[in-house]
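Report on the structure
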Amino acid sequence: MTLRLHDTAARETRDFVPLVPGRAGIYVCGLTVQSEPHVGHVRSAVNFDVLRRWLVASGYEVDFIRNVTDIDDKILTRSAAQGVHWYALAAAMKRELDKALAAINVMPPTYEPGATGHVPEIVELVEQLISRGHAYAAEDGSGDVYFDVRSWTAYGELTRQKVEDMEPAGDADPRGKRDPRDFALWKGHKVDSEPATAAWPSPWGPGRPGWHIECSAMAGKYLGPAFDIHGGGVDLRFPHHENEQAQSRAAGRPFASYWLHNAWITTAGEKMSKSLGNSLLVPSVLERVRGIELRYYMVAAHYRSHVEFSFEALDEAAKGFRRIEDFLDRAAPVVGQWFAALPEAFVAAMDDDLGTPAAVAVIHDSVREGNRLLADGPSGELAQKFGEVIAMLDVLGLDPSDEAWARGSSDDRLTQVVDALVKGLLADRAAAREAKDWARADAIRDQIKSAGIEVEDTPTGPKWSV
C-alpha cells in the first residue's frame, strides 16, 4: 500500500508522491515563544514527529524544518507587561519549549530557524513581491509594506474563500492599506511604543517582519522554492497558511505540494489557549503522568481528530500504556533472540493517512497474543510478538528502551536508590513469608504501599512501580 495523506488544499486523501524520489521535505510552523508551552501547543509537534518517523521507517530521507517565531506583537506586548527585554522573554520561553518537547520525545528538527535570524531573506522576498506588482509600501510614512490581495487572483484558494467574504486583516493599522484585507509583510518601527532593539534596517525604513512572510522566506531558504509537505495546526489555515501560499506563489515559488493540519486539543469544547484560561502547562501535566504516557495519549488519537482533554482520559491512556510496558518487562527475560518487524496491519494503518488509532489497536492485539504465548514459556512466536511490539512503539516514539526517555527522567540516581530500598524490603517480606510470619509480611507490604509503590508478584520475581 502507498502512503496516503489528507491534503487540506485538495480536500482529499492523496497518494504521497515526493518531488524527489526517496526524499521528503517538510516545513512545520512552530510556536511563537511568548509563554510556556501547554498540552495544546505540543500536539502539533508530536503529530508531525510521528509523520517524520513513519517516513524514515518507510525508507525516506527527511529534511524536517520547524521554525520559531521569536519576534511578534504578542512577544512585545507580554515582555513590556513583565518589564523584561523582548529577546530575553523569547529566549527563556524557547528553553521551556525545548524542555517540554524533549520530555515527550519529539526529535529535534533538521534545522530550527528563527525569524530574527532571517531578516535578509525576508527583505529580499518582500522586494521580489514589490517588483512583481503584488506588494506596496504604505504611503502614510509608517514604513509598513503590504501584500496586495487583489493583485493575486488565486488568493483564497487554500481555504476556498472569496476576498469579498473575508474579514479585514487585523495585523496593522488599516490607514495605509489599499484594501482592508491586505496583510503586512513588513512592519515599520513605532518609535514611541516599541524598543529600538525590535527593528532592523530595510529599504522602507527600520522595522520588523510580518508574521506570515517569515515562514515563506525560511521554507524557501532551507527546502527550496518547491517542497513536499507543509504542516501546522488547523487554526493556522487562515490567515497564516493562506497568506504564506499566496505570497510565495506570487513571488514565483511553487511552495508546498501537500498541506497537512492537525486538530486541536480542546477543553470544554474550546481550543486550549492562554486567553481562555484553560491551558495546561506541560510540566504540570508531567507531575501526574510520565512523558511517555502523555505522548501515548496524543498518539492514540488521529491527528485530524479533535481531542477533548480530561485528566480521566489521560489516566486511562496511561493505564493502557502500562499494560504494554508490563508485557515487555515480563517477556524481556524470556524471549532470548528477537527481531524487530512491523505487522502488515500496522503498516496499512500508518499508510492510511497516519491512522494511529488503528496502529495502536494492532499494538494491543500483539500484546494480548504475546501475553497468551508468555504463559507457555519461550517460543519463536513469543519472540516474534515481542519484536513486533518494540518495532511499532519505536515508529510512534514510544519505545520505553529509547535513551530519550532515560534522559528525560528527573533523577536516575534517585530511581536506583529507591530500587535498592524497595528490593531490601521485598527481601525482608520474602523471608517473613518463608518463616510463615504473615503479620510481618503484611506489615512490610503495607509499608511499601503507603509509600505509593505497587508490587506485583510475577513468575520472574516481584516487580515494583510508583
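Residues numbered from 1 in each chain as written. Predicted model: local features only at pLDDT ≥ 70, side-chain atom pairs only at ≥ 80, totals over all residues. Heavy atoms only, no water.

This brings us to the overall build of the protein chain. Looking only at helices and strands, the protein chain has 15 helices and 15 strands in total. By principal-axis analysis of the C-alpha atoms, the protein chain measures approximately 95 × 55 × 35 Å. Of all 466 residues assigned to the protein chain, the portion counted as buried reaches 50%. Long-range contacts, defined here as pairs at least 24 residues apart, represent 74% of the contacts in the protein chain between residues at least 6 apart. Surface accessibility of the protein chain: about 21500 Å² in total, with carbon and sulfur atoms responsible for 52%. (Helix = DSSP H or I, 4+ residues; strand = E, 2+ residues; numbered from the N terminus. Buried < 20%, exposed > 50% of the residue type's maximum accessible area, 1.4 Å probe, protein only. Contact = heavy atoms within 4.5 Å. Areas by Shrake-Rupley, 256 points an atom, 1.4 Å probe, with all protein chains shown as cover.)

All right, on to the pattern of salt bridges then. For the coordinates displayed, the defined rule picks out 34 salt bridges. For the salt bridge of Glu 325 with Arg 290, the shortest nitrogen-to-oxygen distance reads 2.5 Å. Here Glu 325 is found in helix 9 (residues 311–335), whereas its partner Arg 290 is found in the loop between helix 7 (282–285) and helix 8 (291–299), with 35 residues between them in sequence. Residue Arg 290 is classed as partly exposed on the basis of its relative accessible area, which comes to 37%. A salt bridge links Asp 353 to Arg 304; the nearest nitrogen and oxygen atoms lie 2.9 Å apart. (Salt bridge = Lys/Arg side-chain N within 4 Å of Asp/Glu carboxyl O.)

Let us now look at empty space enclosed by the protein. Applying the stated criterion across every chain yields a total of 2 cavities of 30 Å³ or more. In this structure, the largest cavity spans a volume of roughly 50 Å³. Lining the largest cavity are Asn 47, Val 50, Val 299, Ala 301, His 302, Tyr 303, Leu 354 and Thr 356. Grouping the amino acids of the lining of the largest cavity by side-chain chemistry returns 5 nonpolar, 3 polar and no charged. In this model, the second largest cavity occupies a volume close to 40 Å³. Around the second largest cavity sit Ala 45, Phe 48, Asp 49, Arg 52, Phe 64, Arg 66, Val 106 and Met 107, which together line it. Among the secondary structure elements, those contributing two or more residues to the lining of the second largest cavity are helix 1 (39–57) and strand 4 (61–66). Looking at the lining of the second largest cavity, the element that brings in the most residues is helix 1, giving 4 residues. (1 Å grid on protein atoms, 1.4 Å probe; cavity = no way out; pocket = protein on both sides within 12 Å on 5 of 7 lines; lining within 4 Å. Points joined across faces, edges and corners; volume = space filled by probe spheres on them. Nonpolar A, V, L, I, M, F, W, Y, C, P; charged D, E, K, R; others polar.)

The subject of this paragraph is unusual backbone geometry. Here the amide bond leading from Phe 238 into Pro 239 is cis, since omega sits at 5°, within 30 degrees of zero. Inspection of the secondary structure assignment puts Pro 239 in helix 6 (residues 237–250). Its identity is not glycine, yet Asp 353 carries a phi of approximately 55°, on the positive side. When you line up the elements, Asp 353 lands in the loop between helix 10 (344–351) and helix 11 (356–374).

It is worth spelling out the sheet that holds strand 3 (residues 23–28) at this point. Overall, parallel pairing links the 4 strands, which are arranged 4-3-9-10 in an open sheet. Taken across any chain shown, the strands that pair with only one partner, and hence form the sheet edges, are strand 4 and strand 10 (255–262). Taking each pair of neighbouring strands and ignoring which way they run, the sheet shows an average axis angle of 25°. Of the strand pairs in this sheet, strand 9 (residues 226–233) and strand 10 are connected by 7 bridges, and their pairing is parallel. (Pairing = 2+ DSSP bridges. Axes fitted to C-alpha atoms, helices over the stretch in contact; angles between N-to-C directions.)

Right, let's get into helix 2 (residues 73–82). Within an α-helix, residues lying three or four positions from one another point in the same direction, as the helix has 3.6 residues per turn. Every buried residue of helix 2 is listed here: Ile 75, Leu 76 and Ser 79. Viewed end-on, helix 2 has its buried residues packed into an arc of 100°, placing them on one side of the element. Of the exposed residues in helix 2, the ones pointing more than 90 degrees away from its buried face are Lys 74, Thr 77 and Ala 81. Check the buried side of helix 2 and you find it contacts helix 3 (86–103) and strand 8 (207–209). Two or three places before Lys 74, at the opening of helix 2, Asp 72 has a side-chain oxygen 2.7 Å from that residue's backbone nitrogen. Positive backbone phi, approximately 70°, marks Gly 83, located one or two places after helix 2. (Arc of directions from axis to C-beta. Polar contact = N/O pair within 3.5 Å; in protein donor to acceptor, adjacent residues only side chain to side chain.)

Moving on: the packing of helix 4 (residues 119–131) against helix 5 (residues 211–223). Look at helix 4 against helix 5: their axes get within 9 Å of each other, and the N-to-C directions meet at 105°. What the angle tells us is that helix 4 and helix 5 run roughly perpendicular. Residues Glu 121, Ile 122, Leu 125, Val 126 and Leu 129 of helix 4 lie in contact with helix 5, whose contacting residues are Ile 213, Glu 214, Ser 216, Ala 217 and Lys 221. Here the residues of the contact of helix 4 with helix 5 sort into 6 nonpolar, 1 polar and 3 charged. (Parallel < 35°, antiparallel > 145°, perpendicular 65-115°, else oblique.)

All right, on to the environment of Thr 267 then. Following the sequence through the fold, Thr 267 ends up in strand 11 (residues 265–267). For Thr 267, a relative accessible area of 11% puts it in the buried group. It is 7.6 Å that separates the C-alpha atoms of Thr 267 and Ser 310, two residues lying 43 residues apart in sequence.

Let us now look at the sheet that holds strand 6 (residues 145–147). Spatially, 5-6-7-8 is the arrangement adopted by the 4 strands of the open sheet, whose pairing is antiparallel. The sheet terminates laterally at strand 5 (135–137) and strand 8, the two strands that pair on one side only. Averaged over all neighbouring strand pairs, the angle between strand axes comes to 20°, with direction disregarded. Taken together, the 3 bridges between strand 5 and strand 6 define a ladder with antiparallel strand orientation. Note that in strand 6 the partner of Tyr 136 across the bridge is Tyr 146.

Here Leu 396 lies in the loop between helix 12 (380–395) and helix 13 (403–407). Classification of Leu 396 as buried rests on a relative accessible area of 0%.

Across all of its chains, the model carries 17 aromatic pairs by this definition. Relative to Trp 204, the ring of Trp 186 has its centre 6.1 Å away and its plane inclined at 55°; by these criteria the two rings are tilted. With Trp 186 in strand 7 (residues 183–188) and Trp 204 in the loop between strand 7 and strand 8, this residue pair connects regions lying 18 residues apart in the sequence. The buried category is assigned to Trp 186, whose relative accessible area is 0%. Overall, the relative accessible area of 17% leaves Trp 204 in the buried class. Each ring, one from Phe 309 and one from Phe 311, has its centre 5.3 Å from the other, and the planes form 80°; the classification is edge-to-face. (Phe/Tyr/Trp six-rings, centres within 6.5 Å; stacked < 30°, edge-to-face > 60°.)

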